Amino acid sequence: MKLNKWISALLSFIIFIVPVANAQQATSNQPEKKHVVMLLWRGVTNAEKGFMDYLSARVNVEFIILNADRNKDKLKEYIRTIDSYHPDLIYTFGTTISRELLGTYEHPSKFEQTHDIPVVFNVVTDPVGSKLIPKTGERHRDFTGVSHIVPLPVQFKAISQLKGVRSIGIIYNPLEHNSILTAKKMMALASQFKMNVYLYPLGLIKNQPNLGSLDHIVTKMKENHIDLAYLPPDSYIIANGKAVVQKLQSANIPTFSATETPIRKYDALFGVVSRYYNAGQFAAYKAEQILDNKRNVSKIPIDSLSQYSYIVNMEAAKQLDYYPPVSILKISELVGNKN
């Protein structure tokens, strides 16, 4: 009788410990969770949605979102304390944040000199012009990334197909490095496409861009007989796209945008763009190679997207009574048609 009780107790013990052992084995087979810190300038955009959707489907990952909300002091504090988040990889949005974190190839940042955390940047207009990398493309730094801007000659070619456009006015935030680079490159290309390009930087108050200067800018554009306003890949212009586009188009000045948000959300007329969501997915593909496949980040190329989208806002076309030619319409995504 005692023997039977002993056997029964032993079986109960075995039944109890087997599930625990199986649970421990299952846990050990699960890949280690990776921590990705996302340094953002103006909140979560479609670029970050694409990045997180792609990466979370392939890697066991936790995202830590740090939004500077266009505040450089806040950004610097995030960078100063970034080690506390124990990142396996850092994602940066845009030129401003990428340069603040990494510095330039001539003058690397303190972070770059003291850390070996891999970085993947996204939505950087011009990695060479912003001096993240030299013209030779050679680099030995712990980052890679994606540039999202359609080459300016492609944009100029699209603009040159618009009827009656000979003068382009570029409106931009003079505090954004990538916007200045774009403006200078547009000026340099103007004669090649037989266009006149004028620059209209926003006014500043206490070293901050002033939307109140829009009235003066629109007046100057009318005086200069501007046929088309160009909206560069400028975070301030994009964030304030509704006010900018409405002011320009109420003066009967059509708008061409280098990014998709002003066209989709704020009724800018036309643009040739790389989609933010696709750029985010491409950046995530690079992050996956680092986190999952253990590739050396400096060996992963910095790339631009090779596919572009033509987008025409039909609501804007109706308001302006100005339509791109059929050759553009038939290859474009048509948005904003509220009928």
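Residues numbered from 1 in each chain as written. Predicted model: local features only at pLDDT ≥ 70, side-chain atom pairs only at ≥ 80, totals over all residues. Heavy atoms only, no water.

S.K.: Could you give an account of helix H2 (residues 46-56), with specific residues and numbers?
M.R.: Along H2, the residues that are buried comprise Ala-47, Glu-48, Gly-50, Phe-51, Met-52, Tyr-54 and Leu-55. The inward-facing, buried residues of H2 contact strand E1 (34-40), strand E2 (61-67), strand E3 (89-93), strand E4 (119-122) and helix H12 (276-291). Of the residues that open H2, the one with a side-chain oxygen 3.1 Å from the backbone nitrogen of Ala-47 is Thr-45. (Buried < 20%, exposed > 50% of the residue type's maximum accessible area, 1.4 Å probe, protein only. Helix = DSSP H or I, 4+ residues; strand = E, 2+ residues; numbered from the N terminus. Contact = heavy atoms within 4.5 Å. Polar contact = N/O pair within 3.5 Å; in protein donor to acceptor, adjacent residues only side chain to side chain.)

S.K.: Give me the pairing of strand E10 (residues 228-231): which residues, what numbers.
M.R.: If a strand is regular, its side chains alternate between the two faces of the sheet. By the alternation rule, side chains of E10 split into Leu-228 and Tyr-230 and Ala-229 and Leu-231, which are all buried. Pairing geometry for E10 and strand E11 (residues 255-257), over three bridges, is parallel. The residue bridging Ala-229 from the neighbouring strand is Thr-255, located in E11. (Pairing = 2+ DSSP bridges.)

S.K.: Requested: an account of the sheet that holds E1, with residues and values cited.
M.R.: Sheet architecture is open: six strands sit in the order E2-E1-E3-E4-E5-E13, paired in parallel fashion. Across the chains shown, the open sheet's two edge strands, defined by having one partner strand only, are E2 and strand E13 (303-304). In this structure, strand E5 (residues 143-147) lies alongside E13, joined through two bridges in parallel fashion. Opposite Val-146, over in E13, you have Asp-303 as the bridge partner. Contacting E1, E3, E4 and E5, helix H4 (residues 94-102) crosses the sheet at an angle of about 140° to E3. (Axes fitted to C-alpha atoms, helices over the stretch in contact; angles between N-to-C directions.)

S.K.: Would you mind going over unusual backbone geometry in detail, with residue names and values included?
M.R.: Notably, Val-123 is not glycine yet its phi reads approximately 55°, a positive angle. With respect to the element layout, Val-123 can be found in the loop between E4 and E5. Although it is not a glycine, His-225 sits at a positive phi angle of roughly 55°. Along the chain, His-225 falls in the loop between helix H8 (214-223) and E10.

S.K.: How would you explain the packing of aromatic side chains if you had to name every residue and give the values?
M.R.: Summed over all chains, the structure comprises nine aromatic pairs. Ring geometry for Phe-51 and Phe-63: centres 6.3 Å apart, planes at 65°, overall edge-to-face. Taken as a pair, Phe-51 in helix H2 and Phe-63 in strand E2 lie far apart in primary sequence, 12 residues in all. Judged by its relative accessible area of 0%, Phe-51 is buried. Note on Tyr-230 and Phe-256: the rings are 5.8 Å apart at their centroids and 15° apart in plane angle, and the pair reads as stacked. (Phe/Tyr/Trp six-rings, centres within 6.5 Å; stacked < 30°, edge-to-face > 60°.)

S.K.: Give a detailed account of the pattern of salt bridges, specifying residues and quantitative values.
M.R.: The tally for this structure, following the rule as stated, stands at nine salt bridges. Across the pair Lys-220 and Glu-223 runs a salt bridge, and its minimum N-O distance is 3.5 Å. Of the two residues, Lys-220 and Glu-223 are both situated in helix H8; the distance of three residues between them amounts to about one turn of the helix. Judged by its relative accessible area of 31%, Lys-220 falls in the partly exposed class. When the shortest N-O distance is used, the salt bridge between Arg-264 and Glu-260 registers 2.9 Å. By relative accessible area, which is 6% here, Glu-260 ends up buried. (Salt bridge = Lys/Arg side-chain N within 4 Å of Asp/Glu carboxyl O.)

S.K.: How would you explain the nonpolar core if you had to name every residue and give the values?
M.R.: Formed by 49 residues in total, the largest nonpolar core has its most connected members in Val-36, Leu-39, Phe-51, Leu-55 and Ile-90. Take this core: its biggest share by element is seven residues, from H12. With residues up to four places along the chain from it excluded, the contact list for Phe-51 reads Val-36, Met-38, Phe-63, Tyr-91, Gly-280, Gln-281, Ala-283, Ala-284 and Ala-287. (Core = buried A, V, L, I, M, F, W, Y, C linked by side-chain atoms within 4.5 Å.)

S.K.: Please set out the packing of H2 against H12 residue by residue, giving values where relevant.
M.R.: At a minimum axis distance of 7 Å, the contact between H2 and H12 shows a crossing angle of 40°. Viewed along their axes, H2 and H12 adopt a mutual orientation that is oblique. The handedness of the crossing between H2 and H12 is right-handed. Mapping the contact onto sequence places Asn-46, Ala-47, Lys-49, Gly-50, Phe-51, Asp-53, Tyr-54 and Leu-55 in H2 and Tyr-276, Tyr-277, Gly-280, Gln-281, Ala-283, Ala-284, Tyr-285, Ala-287, Glu-288 and Leu-291 in H12. Taken together, the residues of the contact of H2 with H12 break down into 11 nonpolar, four polar and three charged. (Parallel < 35°, antiparallel > 145°, perpendicular 65-115°, else oblique. Left-handed = near helix turned anticlockwise from the far one by under 90°. Nonpolar A, V, L, I, M, F, W, Y, C, P; charged D, E, K, R; others polar.)

S.K.: How would you explain helix H7 (residues 177-189) if you had to name every residue and give the values?
M.R.: Here H7 contains 13 residues, and its C-alpha end-to-end distance of 19 Å stays within 8% of the 18 Å for a straight helix at 1.5 Å per residue. Considered for burial, the residues of H7 that qualify are Asn-178, Ser-179, Leu-181, Thr-182, Ala-183, Met-186 and Leu-189. Packed against the buried residues of H7 are H4, helix H6 (152-160), strand E6 (167-172), strand E7 (196-201) and E10. (Expected span 1.5 Å × (residues − 1).)

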